[in-house]
Amino acid sequence: LRFDLASKQPTPIVSGSQSFDFTPDRTKMAYNFGPNYAISPIRPNVAPGTGRVNMADVNMTIDPVKEWKQMMRDAWLYEKNNFYDKNMLGLDWNAIGAKYSGLVSAAGDRSDVSYLLGMMIGELGTGHAYNQGGDLGQPLGNPNTGMLGVDYAVSGSNVVLKKVYRGLNFEDARRGPLGAPGVHVKDGDYLLEIDGRPVTSSVDPNSLLVGKAGKNVRIKVASSASGTDARDYVVTTIANEQQLRYGDWVESNRKRVEEMSGGKLGYVHVPNTAVEGILEFAKGYYSQSDKQGFIVDERYNGGGFIPTFFGERLLRQVVTGIQQRHAPDVLYPPQTWDGPKVMLINRYAGSGGDHFPWLFKHLGVGPLIGTRTWGGLVGISGGRGLVDGGNVTAPEFALYDVQTGEIIAENKGIDPDIVVDDTPDLVSQGRDPELEAAVKYLLDDLAKNPRKPYVKPKFLTGGGN
């Protein structure tokens, strides 16, 4: 709509041979502000909220089958217009759309439609073709159970704190409730009560924490089942232990590498190639720049951004030194990993987790150890919302090698140079065969190719005061 605010006169809009007169007092518009809706005349100085409509009694009748047909059509069209290959890899996309759309009338509920959507976009045989959410009629939320950050074990009729995840108190997401200052709880202690209610082998401790996520609870612990030295603590529970346990896994790996290598090797895990992965990489990189060799662990990498940043940083080399009269030499670029490096990969790393090891190998940073990666590197930049709140994505861009024109990793993954699998029998023994192989490789490399000392400047001697 056009309206000249200076003259306060409407300007007719002509469509074909018909002219529409938008007179301010007679023409209205519908608009929303936040969760509210309003209908207002089109004129200057209309205050927000003018003509607000009461939506309390608004109802809607939905024909599910009509919705489902629209969703199939929208999803089909979105793939057609956004898939990275305009020729749809030679597939007859019209016939594929007709086949699956024709089955919608036989769907019994939304889960059937989700299956059909997945089958249709699955015909593309390309990663990142996702079908998510929708009106599945599932219960909302969860029971809001608080967690203490522990592994439980049963001893007779008692519950034992088998392992306490103390966490990192300077990172809120990795804060362990029982690792807080003043809470003196150790592995092997007995959990006797939660908020005054007894904890026994027949009572799941989590059942006493329902509705208490993020709240203070009182626990009673003791070093023996008799409770002779029982202590009470008030602790704040957490709603999710994922980051707490992840941080413990990373730190355990770092310590294991430290011990196995006699302090010679550094370790960093990169969980994805998005913001979290960059932060984890930076924390490990700068804090271990004094190590002689380095393990970059990208197992379970969930992808994210195009990871050229990591490759560029790993290629840095010391090129300049500064000699000072009253301080140790300083090397530039500072905090540079210039020793031998390896990368750990596995089948659960994909997307950016496919590209990262490709770069590591392509740039000659070092060898890959583990198992072949997922193989999904045709990426996405969002998705298409469906009418019932669901979502589909279209693989929109493929990464390729500019020297060969070959599309990287898609449906193939990145193969390791040294194949090592973390088989269940070894993992059940508390071992990490891939990590062990990486340590052995680097120690052998350092033994065969010891680091050469940097050449320092020579100065004339004698004759001075």
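Heads up: these notes are all about the structure in this document. (Residues numbered from 1 in each chain as written. Predicted model: local features only at pLDDT ≥ 70, side-chain atom pairs only at ≥ 80, totals over all residues. Heavy atoms only, no water.)

**Examining the overall build of the protein chain**
Okay, step 1: Within the protein chain, the secondary structure is distributed over 9 helices and 24 strands.
Okay, step 2: A compact globule built from 465 residues would reach a C-alpha radius of gyration of about 23 Å, whereas the protein chain, at 31 Å, exceeds it by more than 25%.
Okay, step 3: Its C-alpha atoms give the protein chain principal-axis dimensions of roughly 100 × 70 × 60 Å.
Okay, step 4: Burial status across the protein chain gives 37% buried among its 465 residues.
Okay, step 5: As displayed, the protein chain has an accessible area near 26,200 Å², and 52% of this comes from carbon and sulfur atoms. (Helix = DSSP H or I, 4+ residues; strand = E, 2+ residues; numbered from the N terminus. Rg over C-alpha atoms; globule rule 2.2 N^0.38 Å. Buried < 20%, exposed > 50% of the residue type's maximum accessible area, 1.4 Å probe, protein only. Areas by Shrake-Rupley, 256 points an atom, 1.4 Å probe, with all protein chains shown as cover.)

**Focus on the sheet that holds strand β22 (residues 391–392)**
Okay, step 1: In space, the 3 strands of this open sheet follow the order β7-β22-β21, with antiparallel pairing throughout. In this open sheet, the two edge strands, each paired with only one partner strand, are β7 (131–132) and β21 (384–385). (Pairing = 2+ DSSP bridges.)

**Some remarks on a nonpolar patch on the surface**
Okay, step 1: There is a patch of nonpolar side chains on the surface, built from Tyr-37, Ile-39, Val-53, Met-55 and Val-58 and spanning about 420 Å² of accessible area.
Okay, step 2: Looking at the secondary structure, you find Val-53 in the loop between β6 (36–41) and α1 (64–82).
Okay, step 3: The exposure class assigned to Val-53 is partly exposed, which follows from its relative accessible area of 32%. (Patch = residues over 30% accessible without salt bridge, like charges linked within 9 Å, V, L, I, M, F, W, Y side chains within 5 Å. Salt bridge = Lys/Arg side-chain N within 4 Å of Asp/Glu carboxyl O.)

**Focus: the sheet that holds strand β14 (residues 265–269)**
Okay, step 1: Spatial strand order, β14-β15-β18-β19-β24: 5 strands in an open sheet with parallel pairing. Edge positions in the sheet fall to β14 and β24 (418–419), since each has one partner strand and no second.
Okay, step 2: Two elements, strand β15 (residues 293–297) and strand β18 (residues 341–345), share 4 bridges in a ladder whose sense is parallel. Residue pairing across strands places Ile-295 opposite Val-342, the latter belonging to β18.

**Thoughts on the side chain of Glu-434**
Okay, step 1: By secondary structure assignment, the location of Glu-434 is in helix α9 (residues 433–448).
Okay, step 2: Among the residues examined, Glu-434 registers a relative accessible area of 0% and is labelled buried.
Okay, step 3: A polar atom in the side chain of Glu-434 sits 2.7 Å from the side chain of Arg-299.
Okay, step 4: Beyond its immediate sequence surroundings of up to four residues, Glu-434 is in contact with Arg-299, Leu-344, Ile-345, Asn-346, Ile-369, Gly-370, Thr-371, Val-420, Asp-421 and Asp-422. (Polar contact = N/O pair within 3.5 Å; in protein donor to acceptor, adjacent residues only side chain to side chain. Contact = heavy atoms within 4.5 Å.)

**Side note on the environment of Lys-220**
Okay, step 1: Along the chain, Lys-220 falls in strand β12 (residues 216–222).
Okay, step 2: The partly exposed category is assigned to Lys-220, whose relative accessible area is 24%.
Okay, step 3: Sequence-wise, Lys-220 and Met-71 are 149 residues apart; in three dimensions their C-alpha atoms are separated by 54 Å.

**Points about the packing of helix α2 (residues 93–101) against helix α3 (residues 110–122)**
Okay, step 1: Running from N to C, α2 and α3 point in directions that differ by 165°, and their axes come no closer than 10 Å. On the basis of the axis angle, α2 is roughly antiparallel to α3. Once α2 is placed against α3, the crossing between them reads as right-handed. In contact with Trp-93, Ile-96, Gly-97 and Tyr-100 of α2, α3 contributes Leu-116, Met-119, Met-120 and Ile-121.
Okay, step 2: Split by residue class, the contact of α2 with α3 holds 7 nonpolar, 1 polar and no charged. (Axes fitted to C-alpha atoms, helices over the stretch in contact; angles between N-to-C directions. Parallel < 35°, antiparallel > 145°, perpendicular 65-115°, else oblique. Left-handed = near helix turned anticlockwise from the far one by under 90°. Nonpolar A, V, L, I, M, F, W, Y, C, P; charged D, E, K, R; others polar.)

**With respect to the side chain of His-269**
Okay, step 1: Looking at the secondary structure, you find His-269 in strand β14.
Okay, step 2: For His-269, the side chain forms a polar contact with the side chain of Tyr-246, separated by 2.7 Å.
Okay, step 3: Separated by 2.8 Å, the side chain of His-269 and the backbone oxygen of Arg-299 make a polar contact.
Okay, step 4: Setting aside chain neighbours within four positions, we find His-269 in contact with Tyr-246, Trp-249, Val-250, Glu-280, Asp-297 and Arg-299.

**Topic: the pattern of salt bridges**
Okay, step 1: What the rule picks out here adds up to 28 salt bridges.
Okay, step 2: Across the pair Lys-186 and Asp-189 runs a salt bridge, and its minimum N-O distance is 3.1 Å.
Okay, step 3: The class for Asp-189 is buried, based on a relative accessible area of 1%.
Okay, step 4: Residues Asp-338 and Arg-451 are paired through a salt bridge, measuring 2.8 Å at the closest nitrogen-oxygen approach. With Asp-338 in the loop between β17 (330–332) and β18 and Arg-451 in the segment after α9, the pair connects residues that are 113 residues apart, well separated along the chain.
Okay, step 5: Residue classification places Arg-451 among the partly exposed residues on the basis of a relative accessible area of 36%.

**A closer look at the environment of Asn-411**
Okay, step 1: Positionally, Asn-411 belongs in the loop between β23 (397–398) and β24.
Okay, step 2: Residue Asn-411 is classed as exposed on the basis of its relative accessible area, which comes to 57%.
Okay, step 3: Along the backbone, Asn-411 and Pro-395 are 16 residues apart, and their C-alpha atoms lie at a distance of 13 Å.
Okay, step 4: The residues touching Asn-411, leaving out its near neighbours within four places in the chain, are Gly-125 and Gly-375.

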